[in-house]
Amino acid sequence: MSEVIVVTSGKGGVGKTTTTANVGTGLAMLNKKVVLIDTDIGLRNLDLVMGLENRIVYNLVDVVEGNCRPKQAMIKDKRFSNLYLLPSAQTRDKTSVTPEQMKALTDELREEFDYILLDCPAGIEQGFQNAIAGADRALLVTTPEVSAIRDADRIIGLLEAGETKKRADLIVNRIRMDMVKKGDMMTMEDVQDILAIDLIGAVPDDENIVIATNQGEPLVGSNNLAGQAYMNICKRITGEDVPFLDLNGKSGFFSKISGLFKK
Amino acid sequence: MKNSVVIKGNKYGIMVVLDKDMPFDELKKDIAEKFKQSSKFFGKTSMAVTFDGRELDIDEEREVLDIIADNSDIEIVCVIDNDKQRENLYKQSIEERVSSSVSENSGQFYKGTLRSGQVLECDSSVVILGDVNPGAKIISTGNVIVLGSLKGIVYAGIAGDTSTFVVALEMNPVQIRIGDIMARCADDNSKKRKKNNKPETKIAFVENDNIYIETLNKEVLNDLHF
């Protein structure tokens with residue numbers, strides 16, 4: 001049973017690529033065979049977040065055009081031998097690939113992998129259409145901001161309207177509990193109220209994510225709240241029932257910080 | 001721009017105002033020109049026409065109608081005399097028909113949430129079993145009832161019927177239009193307002209050319225007449 005999952009958001013900058021990298025790595029930690037495909041042709045950066053830029057030889061467009069076999073273009077991860085990355089081309093644009101070609105590629109990869117994760121570009125144009133073409137389900141990333149939520153809502157509408165209705169699960173990213181408590185940021189309930197789809201994960205805003213992203217080392221599974229939140233998302237994807245993290249957790253990152261101030 | 005021929009729209013069709021001093025042959029040319037220009041705007045329609053500004057005898061009227069037919073895709077259904085009494089009669093019969101078609105208990109159901117970018121257009125009243133999210137739009141010729149939270153844009157009675165109404169379990173629309181009257185939500189912080197008020201079922205209706213939004217209760221329902 002293999003699954004093709006697209007990570008999408010509509011709005012840019014909400015954390016699609018970071019989520020793809022962390023969820024992909026997390027699934028690999030759970031001993032699944034995973035391939036990450038960067039479909040953001042022309043704006044390649046999943047390879048950076050994974051820290052694999054220097055190993056790229058062939059890319060997605062080469063595979064689709066038949067210049068190489070998928071095996072040749074896929075890069076094995078530094079840490080996990082069951083995790084692969086299929087990078088996108090930097091010098092081409094979204095029209096280099098059609099939705100049909102993407103579907104054919106993902107169907108081919110299904111035979112070998114448990115999970116195929118597609119990092120979708122921002123927007124709802126060709127790049128988005130390419131990314132969702134072969135997907136079974138979607139992870140919808142949003143932040144608790146009105147603009148991101150409006151775009152996410154549009155994306156759900158498009159996913160529901162497609163020929164094959166795709167199930168979409170919500171990841172609320174960059175939650176700042178301190179701001180939520182003060183009433184300056186939407187709560188997860190507010191977000192869910194508008195979008196009305198299942199919540200699969202809530203990830204706190206954490207400076208460790210920025211550090212990890214810049215170093216090209218996904219932090220999933222590490223001992224901070226964000227790492228745990230990503231790991232829980234992975235477990236939920238595999239069908240495990242995991243309770244949601246208490247983002248106010250006593251031993252959590254934020255309380256440590258606020259604890260410091262209280263002293 | 002010459003003003004020898006002016007086309008005005010009224011509720012039932014168009015009124016053609018003709019110059020009363022110009023020689024008829026010249027006027028015909030102007031009519032042809034005018035309708036040629038506006039044929040794109042009118043497109044392929046059928047409507048009633050009224051002449052004003054100049055007395056036309058039967059032959060002249062026929063000639064003018066031929067010109068209109070030759071120069072545009074408008075199908076003239078009938079010519080209405082510009083006579084107050086008859087106009088009123090006509091108005092009455094049309095309004096009877098229009099209002100009877102709305103008050104016919106026709107309606108549609110839509111199940112699901114309308115999301116940003118989605119538009120629902122209905123040729124009757126409509127009941128939505130779900131939310132209407134910001135960025136979504138409902139357009140109906142009749143009433144709109146939202147069994148959920150209304151946060152988008154809603155047009156009721158789009159054909160100009162101000163006796164239609166909008167009901168929502170949670171009334172928070174960005175913009176609301178009933179007939180040709182429009183209202184938008186206040187610019188105050190919607191978040192704060194939401195926190196203060198418990199959601200309650202509300203109705204929006206038109207009175208004295210203004211849209212009022214009130215809590216739905218028996219009194220309001222009794223006052224409704226449509």
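Residues numbered from 1 in each chain as written. Chains lettered and ligands numbered in written order. Predicted model: local features only at pLDDT ≥ 70, side-chain atom pairs only at ≥ 80, totals over all residues.

Student: Please explain the sheet that holds strand S1 (residues 5-9) of chain B as it appears in this structure.
Tutor: Hydrogen bonds between backbone atoms are what pair the strands of a sheet, whose relative direction is either parallel or antiparallel. Residue and element names in this part refer to chain B. A sheet is described by the order of its strands in space; here 4 strands give the open sequence S1-S2-S3-S4, paired in mixed fashion. Looking along the sheet, the strands with just one partner apiece sit at the ends: S1 and strand S4 (75-80). Pairs of neighbouring strands in the sheet enclose a mean axial angle of 30°, with direction left out of account. With 5 bridges joining them, strand S2 (residues 13-18) and strand S3 (residues 46-52) adopt parallel strand pairing. Each residue of the ladder has a partner; that of Gly13, found in S3, is Ala48. Where helix H1 (residues 24-42) meets the sheet, its contacts fall on S1 and S2, and the angle it forms with S1 comes to roughly 45°. (Pairing = 2+ DSSP bridges. Helix = DSSP H or I, 4+ residues; strand = E, 2+ residues; numbered from the N terminus. Axes fitted to C-alpha atoms, helices over the stretch in contact; angles between N-to-C directions. Contact = placed C-beta atoms within 7 Å.)

Student: Mind showing me how you'd approach the pairing of strand S7 (residues 167-175) of chain A here?
Tutor: Along a regular strand, successive side chains alternate from one face of the sheet to the other. Residues and elements named next belong to chain A. The element S7 is largely enclosed, with a buried count of 7 among its 9 residues. Relative to S7, strand S6 (residues 137-142) is paired through 6 bridges, and the arrangement is parallel. Note on S7: the bridge partner recorded for Leu140 is Leu170. Inspection of the sheet shows S7 paired to strand S8 (residues 199-204) by 4 bridges, in the parallel sense. Note that in S8 the partner of Ile175 across the bridge is Pro204. (Buried ≥ 20, exposed ≤ 12 C-beta atoms within 10 Å, placed from the backbone.)

Student: Would you explain the nonpolar core in this entry?
Tutor: In terms of nonpolar packing, the biggest core is built from 81 residues, with Leu117, Leu118 and Leu140 of chain A touching the most fellow members. With 8 residues, the single largest contributor to this core is helix H11 (residues 225-237) of chain A. Other than its neighbours up to four places away in sequence, Leu117 of chain A contacts Ile5, Val7, Thr20, Val23, Gly24, Val34, Leu36 and Ile37 of chain A. Within the second largest apolar cluster, 26 residues are counted, among which are Cys122, Leu150, Ile203 and Val206 of chain B. (Core = buried A, V, L, I, M, F, W, Y, C linked by C-beta atoms within 7 Å.)

Student: Just to check I follow, could you spell out the sheet that holds strand S4 (residues 83-86) of chain A for this structure?
Tutor: Residue and element names in this part refer to chain A. One open sheet accounts for 8 strands, arranged S3-S4-S2-S5-S1-S6-S7-S8; its pairing is mixed. Looking at strand neighbours, the two that pair on one side only are strand S3 (75-76) and S8, the edges of this open sheet. Examined bridge by bridge, strand S2 (residues 34-38) and strand S5 (residues 115-119) share 5 bridges and lie parallel to one another. In the sheet register, Leu36 faces S5, and the bridge partner there is Leu117. The sheet strands contacting helix H1 (residues 16-29) are strand S1 (3-8), S2, S4, S5, S6 and S7, and the helix crosses S5 at an angle near 170°. Against the sheet, H11 engages S7 and S8, with an angle of about 170° to S8.

Student: Sorry if this is basic, but what is going on with the confidence of the model for chain B here?
Tutor: All names here are of chain B. Of all residues in chain B, 88% attain a pLDDT of 70 or more, and the chain-wide mean is 83. Between the elements of chain B, mean pLDDT differs from a low of 51, seen in helix H4 (residues 190-196), to a high of 95, seen in strand S9 (residues 144-150). Reported confidences for the modelled complex are a pTM of 0.70 and an ipTM of 0.71. (pLDDT = per-residue confidence, 0-100.)

Student: Please explain helix H7 (residues 146-161) of chain A as it appears in this structure.
Tutor: Since the α-helix packs 3.6 residues into each turn, any two residues three or four apart lie on the same face. Residues and elements named next belong to chain A. Counted at 1.5 Å a residue, the expected span for H7 with its 16 residues is 22 Å, and the 23 Å between its end C-alpha atoms agrees. Of all 16 residues making up H7, 12 are buried, and the element is well covered by its neighbours. Among the residues of H7, those classed as buried are Ala148, Ile149, Arg150, Asp151, Ala152, Asp153, Arg154, Ile155, Ile156, Gly157, Leu158 and Leu159. In this structure, the buried residues of H7 make contact with S1, helix H6 (126-133), S6, S7 and helix H9 (188-195). (Expected span 1.5 Å × (residues − 1).)

Student: Can you walk me through the pairing of S1 of chain B in this structure?
Tutor: Residues and elements named next belong to chain B. Here 5 bridges tie S1 to S2, and the two strands are oriented antiparallel to one another. Looking at S2, one finds that Gly9 is bridged to Ile14. Between the end of S1 and the start of S2, which pair antiparallel, lie 3 residues.

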